[in-house]
Amino acid sequence: MKVLANDGISKSGIDALEEAGYEVITTTVAQEQLIKYINENDIAVLLVRSATTVRKDLIDACPGLKIIGRGGVGMDNIDVAYAREKGLHVINTPAASSHSVAELVFGHFYGLARFLHHSNREMPLEGDSNFKGLKKAYAKGIELKGKTLGVLGFGRIGQATAKVALGAGMKVVAFDPFLDKARLELEFFDGQKVAFDIETISKEAVLKQADFITLHVPAQKEYVIDEAEFKLMKDGVILANAARGGVVNEVALVKAIESGKVAGAALDVFEKEPRPEIQLLMNASLSLTPHTGAATNEAQDRIGTELASQIVNLLG
């Protein structure tokens, strides 16, 4: 049986599938040629990440497909309900990249708290001519320890991010419309474990008391953070969106930065990917990454082996 990993797959995933007797093809087929390629090559399993879309036309036109797999969490690029209606298995890897996203969020938070995104730009330009001036400019950083992290969306990734916060000595408050409480277990290098019970509170309560805010929610029709939400936040708050483009109103965010309500923000996702608005790219108060939350070697290994395991279990 043939597997087309159209957006790539880790070597560990390929090895696991080949050991189970599958042929793995890692050619990237253009979207408009995908239906023809799948049918001509008897592809039984189509694996995608975020680049390839799997809509009704492809599902209808490829009767030989048995499984559609998404390497990652969100499945916005797949018509999931329709595929399942047609008898296809649709799988993803919701847990594989949680810690990678959490670490990226904290990379941004630490950078913003100590102006690293500024100083890394300015030191090469002025480090030899204005050392003392730059030192003074970046002398009012803040520590994360003792601060409050607000988590909007307390699923796997939200909880993984909360664990990093707890390890950093932060207080965690969380909002999730589908979850009343969660038990977070931190495991340390020597086998010791510490458990925290976090009860979720209202979105408004989170926004009012958080020094740092991170979003881990699915794509939705309305903004999760808009002008009204910014008004509820503390002055000088730091915000991160590594969830989905479109959950934060980017125009309202820029206004909140300009007014001083938001001290800085981290964006890994954008409303207009892959061409983010230029005023975001040029804003000195933003720490930016090109949708790399899940892009670690470890996460890609976990994604590959997890997909392989699910495919083998479903098809034998």
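1. Things to note about the sheet that holds strand β7 (residues 171-175)
For step 1, the next point in the chain: On the basis of which strands lie adjacent, the open sheet formed by six strands has the order β7-β6-β10-β11-β12-β13 and parallel pairing. Two strands close off the open sheet at either side, each with one partner strand: β7 and β13 (286-288). This sheet shows a mean twist of 15° between the axes of neighbouring strands, independent of strand direction.
For step 2, the next point in the chain: Pairing geometry for strand β6 (residues 148-152) and strand β10 (residues 212-215), over four bridges, is parallel.

2. A closer look at the sheet that holds strand β4 (residues 67-70)
For step 1, the next point in the chain: Pairing is parallel across the open sheet formed by five strands, whose spatial order is β2-β1-β3-β4-β5. At either end of the open sheet lies a strand with only one pairing partner, and these are β2 (23-25) and β5 (89-92). Put simply, the sheet's adjacent strands are angled 20° from each other on average, direction ignored.
For step 2, the next point in the chain: Of the strand pairs in this sheet, strand β3 (residues 43-48) and β4 are connected by four bridges, and their pairing is parallel. Bridge pairing links V48 to R70 in β4.
For step 3, the next point in the chain: Relative to the sheet, helix α13 (residues 297-315) contacts β3, β4 and β5, its axis offset from that of β5 by approximately 155°.

3. Focus on the side chain of D211
For step 1, the next point in the chain: Take D211: it is sitting in the loop between α9 (203-209) and β10.
For step 2, the next point in the chain: In this structure the side chain of D211 is engaged in a polar contact, spanning 2.8 Å, whose partner is the side chain of K234.
For step 3, the next point in the chain: When residues no more than four places from it in sequence are discounted, the contact partners of D211 are K147, T148, K234, V237 and I238.

4. Examining the pattern of salt bridges
For step 1, the next point in the chain: Applying the stated rule across the entire model yields 11 salt bridges.
For step 2, the next point in the chain: Between K193 and E185 there is a salt bridge; the shortest N-O distance is 3.8 Å.
For step 3, the next point in the chain: Judged by its relative accessible area of 48%, K193 falls in the partly exposed class.
For step 4, the next point in the chain: Under the relative-accessibility criterion, E185 is labelled partly exposed at 42%.
For step 5, the next point in the chain: Between D235 and K261 there is a salt bridge, with its nearest N and O atoms 3.0 Å apart. You can see D235 sitting in the loop between α10 (227-232) and β11 (237-241) and its partner K261 sitting in the loop between α11 (250-259) and β12 (262-267), a full 26 residues away along the chain.
For step 6, the next point in the chain: You can call D235 exposed: its relative accessible area is 65%.
For step 7, the next point in the chain: When its relative accessible area of 16% is taken as the criterion, K261 is described as buried.

5. Brief notes about helix α1 (residues 11-19)
For step 1, the next point in the chain: Listed in full, the buried residues belonging to α1 are G13, I14 and L17. In an axial view of α1, the angular spread of the buried residues amounts to 100°, which keeps them on one side of the axis. Along α1, exposed side chains directed more than 90 degrees from the buried face belong to K11 and E19.
For step 2, the next point in the chain: Of the surrounding secondary structure, the elements contacted by the buried residues of α1 are β1 (2-5), β2 and α13.
For step 3, the next point in the chain: Within two residues after α1, G21 carries a phi angle of roughly 95°, on the positive side.

6. A short note on a nonpolar patch on the surface
For step 1, the next point in the chain: Taken together, the side chains of F188, F189, V194 and F196 make up a nonpolar region of the molecular surface, amounting to roughly 430 Å² of accessible area.
For step 2, the next point in the chain: Along the chain, F196 falls in strand β9 (residues 193-199).

7. What about the packing of α1 against α13?
For step 1, the next point in the chain: At a minimum axis distance of 7 Å, the contact between α1 and α13 shows a crossing angle of 20°. Classed by the angle they form, the pair α1 and α13 counts as roughly parallel. The crossing of α1 and α13 is right-handed. Across the interface between the two elements, S12, G13, A16 and L17 of α1 pack against D301, G304, T305, A308 and I311 of α13.
For step 2, the next point in the chain: Looking at the contact of α1 with α13 residue by residue, the classes come out as four nonpolar, four polar and one charged.

8. A short note on the packing of aromatic side chains
For step 1, the next point in the chain: Under the definition given, this model contains four aromatic pairs.
For step 2, the next point in the chain: The interplanar angle of 85° and the centroid separation of 5.5 Å between the aromatic rings of F106 and F109 together place this pair among those described as edge-to-face. With F106 and F109 both in helix α5 (residues 98-113) and three residues apart, this pair spans about one turn of that helix. Pair check on accessibility: F106 and F109 agree, each one buried.
For step 3, the next point in the chain: With a centroid separation of 5.0 Å and an interplanar angle of 70°, the aromatic rings of F109 and F212 are classed as edge-to-face. With F109 in helix α5 and F212 in strand β10, this pair connects stretches of sequence that are 103 residues apart.
For step 4, the next point in the chain: On the accessibility criterion, F109 (0% relative accessible area) is buried.
For step 5, the next point in the chain: An aromatic cluster of at least three residues, connected via ring pairs, comprises F106, F109, Y110 and F212.

The rules behind the values
- Every chain is numbered on its own, with residues counted from 1 as its sequence reads.
- For this predicted model, a pLDDT threshold of at least 70 governs which residues receive local features, and a threshold of 80 or more governs which side-chain atom pairs are given and counted, while totals over whole chains, interfaces and linings are taken from all residues.
- Only hydrogens and water are set aside; all other atoms, that is, all heavy atoms of the structure, feed into the side-chain values.
- The pairing criterion for strands is at least two bridges between them, as found by DSSP.
- Under the scheme used here, helices are H or I runs from DSSP no shorter than 4 residues and strands are E runs no shorter than 2 residues, and both carry numbers assigned from the N terminus.
- Axis definition: a line fitted to C-alpha atoms, limited for helices to the stretch in contact. Angles are taken between N-to-C directions and run from 0 to 180 degrees.
- Only heavy atoms matter for contacts: two residues are in contact if any of them lie within 4.5 Å across the pair.
- Side-chain atoms alone can form a polar contact between residues adjacent in sequence; in general such a contact is a pair of N or O atoms within 3.5 Å, and within protein one must be able to donate a hydrogen while the other accepts it.
- We count a salt bridge whenever a side-chain nitrogen from Lys or Arg sits within 4 Å of a carboxyl oxygen from Asp or Glu.
- Here the term buried applies to any residue with accessible area under 20% of the maximum for its type, exposed to any over 50%, and partly exposed to those in between, with areas from a 1.4 Å probe on protein chains only.
- The arc in question is traced by the directions running from the helix axis to the C-beta atoms.
- A residue counts toward a patch only above 30% relative accessible area and without a salt bridge, and it is joined to like-charged neighbours within 9 Å or, for Val, Leu, Ile, Met, Phe, Trp and Tyr, to nonpolar neighbours within 5 Å.
- Only the protein chains shown count as cover for residues, and all accessible areas are computed by the Shrake-Rupley method using a 1.4 Å probe.
- Geometric relationships in this document are graded by angle, where less than 35 degrees denotes roughly parallel, more than 145 denotes roughly antiparallel, 65 to 115 denotes roughly perpendicular, and other angles denote oblique.
- Should the near helix be turned anticlockwise from the far one by less than a right angle, the crossing is left-handed, and should it be turned clockwise, the crossing is right-handed.
- Polar here means any residue outside two lists: the nonpolar Ala, Val, Leu, Ile, Met, Phe, Trp, Tyr, Cys and Pro, and the charged Asp, Glu, Lys and Arg; Gly therefore counts as polar.
- Only Phe, Tyr and Trp rings take part, Trp by its six-membered ring, and two of them pair if their centres are within 6.5 Å. Stacked means planes under 30 degrees apart, edge-to-face means over 60, and tilted covers everything else.

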